[in-house]
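Coordinates in review
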Amino acid sequence: MGRIAVTILLILSPLLSTDINIYEQNCVKCHENMPVSLDKFFFNYLLKYSSERRVKQALRNYLKHPRRKASLATEELVSRYGLMPKTDLSDEDLRKAIDTYWDKYKVFGKIE
Ligand code: HEC
């Protein structure tokens, strides 16, 4: 009985996906009150790191270990808001949040 319930859950879980919510609830919630929007940051990362793999890797590194040296934000912004707090998302949720972030802003789906 328990096993059947688990199997059903496993089958359904991709359909009940909360991936977008992780991004909305975590990233957007904190960022929405800031003057620099998430899309601005995204394009800075895109310009600097260019490929999907490198952008995602840089974002993951930054979110796990925010450091002034690695930051692409302006001096002004950081002195006003401080560095972003180290993420408390699990690796899996962080990956989903970054995937959502990427899918939302990647330019026309043409950059590889
Ligand atoms: C508790 C608040 C908070 C949360 C949660 C948060 N951020 Fe931030 N974020 C900030 C602040 C403040 C800055 C500006 C300072 C800085 O760059 O570290 C920032 C900066 C950034 C930057 C620019 C980093 C740089 O190079 O300086 C990116 C990209 C970013 N956030 C993406 C995200 C994503 C994606 C998530 C969700 C996984 C997220 N943030 C969650 C507060 C937050």
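An account of the accompanying structure is given in this report. Bear in mind that the values here come from a model prediction, so they are computed numbers and not experimental data. Within every chain, residues take consecutive numbers counted from 1 along the sequence as written. Local features in a predicted model are, by the rule used here, given only for residues with pLDDT of at least 70; side-chain atom pairs are given and counted only at 80 or more, and totals for whole chains, interfaces and linings are based on all residues. Derived side-chain values reflect all non-hydrogen atoms in the structure, with water molecules and hydrogen atoms excluded from consideration.

What follows is about the coordination of the iron atom of the ligand. Within the protein, His31 (NE2) and Met84 (SD) serve as the donor atoms for the iron atom of the ligand, at 1.9 to 2.1 Å. Coordination partners: N, O, S within 2.8 Å of the metal, 3.2 Å for Na, K and Ca; water not considered, so apparent gaps in a site are possible. When four donors show all angles between 85 and 135 degrees the site is tetrahedral, when four or six donors have opposite pairs over 155 degrees and all other angles between 65 and 115 it is square planar or octahedral respectively, and in every other case it is irregular. For the iron atom of the ligand, the 6 donor atoms are set out with angles of 78 to 179 degrees between them, so the coordination reads as octahedral. Of this pair, His31 sits in helix α2 (residues 19–31) while Met84 sits in the loop between α5 (75–81) and α6 (91–105), and the two are 53 residues apart along the sequence. A run of H or I in DSSP becomes a helix once it reaches four residues, and a run of E becomes a strand once it reaches two; helices and strands are each numbered from the N terminus.

Looking now at the environment of Leu77. Tracing the sequence through the fold places Leu77 in helix α5. Relative accessibility decides the category of a residue: with a 1.4 Å probe and only protein chains considered, values under 20% of the type maximum give buried, values over 50% give exposed, and everything between is partly exposed. Judged by its relative accessible area of 10%, Leu77 is buried. Put simply, Leu77 and Pro35 are 42 residues apart on the chain and 8.7 Å apart in space, counted from C-alpha to C-alpha. Contact between two residues is taken to exist if any of their heavy atoms lie within 4.5 Å; hydrogens are not considered. Those residues in contact with Leu77, other than ones at most four positions away along the chain, are Met34, Pro35, Val36, Phe41 and Gly82.

So, on to the packing of aromatic side chains. Each aromatic ring pair is summarised here by two numbers: the centre-to-centre distance and the angle between the ring planes. Put simply, two rings from Phe, Tyr or Trp (the six-membered ring, in Trp's case) pair if the centres are within 6.5 Å, and we call them stacked under 30 degrees between planes, edge-to-face over 60, tilted for the rest. Evaluation of the coordinates by the stated rule reveals 7 aromatic pairs. The interplanar angle of 85 degrees and the centroid separation of 5.8 Å between the aromatic rings of Phe42 and Phe43 together place this pair among those described as edge-to-face. For Phe42, a relative accessible area of 0% corresponds to the buried category. Judged by relative accessible area, which is 35%, Phe43 ranks as partly exposed. Seen in terms of ring centroids, Phe42 and Tyr101 are 5.2 Å apart; in terms of plane orientation they differ by 80 degrees. Their pairing is edge-to-face. With Phe42 in helix α3 (residues 38–49) and Tyr101 in helix α6, the pair connects residues that are 59 residues apart, well separated along the chain. What links up through ring pairs into an aromatic cluster is the set Tyr23, Phe42, Phe43, Tyr101, Trp102 and Tyr105.

Moving on, we come to the site of the ligand. Note on terminology: near, applied to a residue and a molecule or strand, indicates that one of the residue's heavy atoms is within 4 Å of it. Among the 22 residues in the neighbourhood of the ligand, the closest are listed as Cys27, Cys30, His31, Tyr62 and Met84. In protein, a polar contact means a hydrogen-donor-capable atom and an acceptor-capable atom, both N or O and within 3.5 Å, with residues adjacent in sequence counting only if both atoms are side-chain atoms; elsewhere, any N or O pair within 3.5 Å suffices. At 2.7 Å, a side-chain N or O of Tyr45 approaches an oxygen atom of the ligand. Separating an oxygen atom of the ligand from a backbone N or O atom of Leu72 is a distance of 2.6 Å. Ranked by the residues each element gives to the shell around the ligand, the list is headed by α2, at 4 residues. Within the shell around the ligand, the residues separate by chemical class into 18 nonpolar, 4 polar and no charged. Under the scheme applied here, ten amino acids are nonpolar (Ala, Val, Leu, Ile, Met, Phe, Trp, Tyr, Cys and Pro), four are charged (Asp, Glu, Lys and Arg), and all others, including Gly, are polar.

Let us look at the environment of Cys30. Positionally, Cys30 belongs in helix α2. Cys30 gets classed as partly exposed once you look at its relative accessible area, which sits at 49%. Taking the C-alpha atoms as reference, Cys30 lies 9.6 Å from Met84; in sequence the two are 54 residues apart.

The next point concerns the nonpolar core. A general tendency of soluble globular proteins is for nonpolar side chains to be buried together. Core analysis: the biggest nonpolar cluster contains 27 residues, and Tyr23, Leu38, Tyr45, Val55, Leu59 and Tyr101 have the highest contact counts within it. Listing elements by their share of this core, those giving two or more residues are α2, α3, α4 (52–64), α5 and α6. Setting aside its immediate chain neighbours within four residues, Tyr101 contacts Tyr23, Leu38, Phe41, Phe42 and Leu59. In this text, buried Ala, Val, Leu, Ile, Met, Phe, Trp, Tyr and Cys residues form a nonpolar core when linked through side-chain atoms within 4.5 Å.

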